[in-house]
Structure formats: C-alpha cells, structure tokens
Amino acid sequence: MMDHSGIALVPVLLKAGLILALIVTSLWCLVRIVKWAKGMPKAAYLVMAIFPLLSLFPIPPPVFKNVAKAKQEQRKRKEAPGDPPE
C-alpha cells in the first residue's frame, strides 16, 4: 500500500510559495517606489499630495447598521394599521 501523506503537503507548499512570492514582489515594488521618489523629489511631493485627497471620499457605514435599520423598518411595516396579521 502506498503512503499518500505527501499529497496533502503539495497544496500547503504551493500556498506558502505563493505567499512568499507576493511578499517578495511587494517589497521589491516598495523599494522601487522609494528609489524613484528619491530620484525625483518633485514627483514624490505630488504623490504625497494626492494621498490626503483619498480622505475626501465618504466611508460607507458598516453593514450591520444597515441590517439593523432594515429590521426596524420591517417591524414598522408589520405594526402598520390595515395590514392583515401573518
């Protein structure tokens, strides 16, 4: 009989390799951005000036608040006069 314990190891190694590749790629990109910014100070100021503009966009409310509001509206509809009881 063959031992298949090594088969389960393959997906784990693939996931670990993918995560490692993403980390290395991210670090390489960050290093390239820093080198680019040091070489072009005016461009770095432009990039840093754009980041605060992101805070102008509204942040959506959390989903659980929307769910609670929908439940309240549903209760109000059930309590409304003229509706037949369920």
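The rules behind these values
Residues numbered from 1 in each chain as written. Predicted model: local features only at pLDDT ≥ 70, side-chain atom pairs only at ≥ 80, totals over all residues. Heavy atoms only, no water. Helix = DSSP H or I, 4+ residues; strand = E, 2+ residues; numbered from the N terminus. Buried < 20%, exposed > 50% of the residue type's maximum accessible area, 1.4 Å probe, protein only. Areas by Shrake-Rupley, 256 points an atom, 1.4 Å probe, with all protein chains shown as cover. Patch = residues over 30% accessible without salt bridge, like charges linked within 9 Å, V, L, I, M, F, W, Y side chains within 5 Å. Salt bridge = Lys/Arg side-chain N within 4 Å of Asp/Glu carboxyl O. Axes fitted to C-alpha atoms, helices over the stretch in contact; angles between N-to-C directions. Parallel < 35°, antiparallel > 145°, perpendicular 65-115°, else oblique. Contact = heavy atoms within 4.5 Å. pLDDT = per-residue confidence, 0-100.

Let us now look at the overall build of the protein. Across its full length, the protein carries 3 helices and 0 strands. Its helices and strands in sequence order give the protein the pattern α-α-α, from N to C terminus. Sorting the 86 residues of the protein into buried and exposed places 2% on the buried side. For the protein, the exposed surface amounts to about 8600 Å²; the carbon and sulfur share of it is 73%.

Moving on, we come to a nonpolar patch on the surface. Taken together, the side chains of Ile19, Ile23, Leu27, Leu30, Ile33, Trp36, Met40, Val47, Met48, Phe51 and Leu54 define a hydrophobic patch exposed on the protein surface, amounting to about 1100 Å² of accessible area. Counting residues per element, the ones that place at least two in the nonpolar patch are α1 (9-39) and α2 (41-50). Looking at the nonpolar patch, the element that brings in the most residues is α1, giving 6 residues. Structurally, Met40 is set in the loop between α1 and α2. Overall, Met40 belongs to the partly exposed group, its relative accessible area being 42%.

Taken N-terminus to C-terminus, the directions of α1 and α2 make an angle of 120 degrees; their axes are 5 Å apart at the nearest point. With respect to α2, the element α1 is oriented oblique. In this structure, α1 uses Trp36, Ala37, Lys38 and Gly39 to contact α2, whose residues at the interface are Pro41, Ala43, Ala44 and Val47.

Bringing the environment of Val47 into the picture now. Residue position: Val47 is located in helix α2. In this structure, the C-alpha to C-alpha distance between Val47 and Ala37, residues 10 residues apart in sequence, is 8.9 Å.

So, about the confidence of the model for the protein. Mean pLDDT for the protein: 77, with 74% of residues reaching 70 or above. When pLDDT is averaged over each element of the protein, α1 comes out on top at 89 and helix α3 (residues 63-79) at the bottom at 75.

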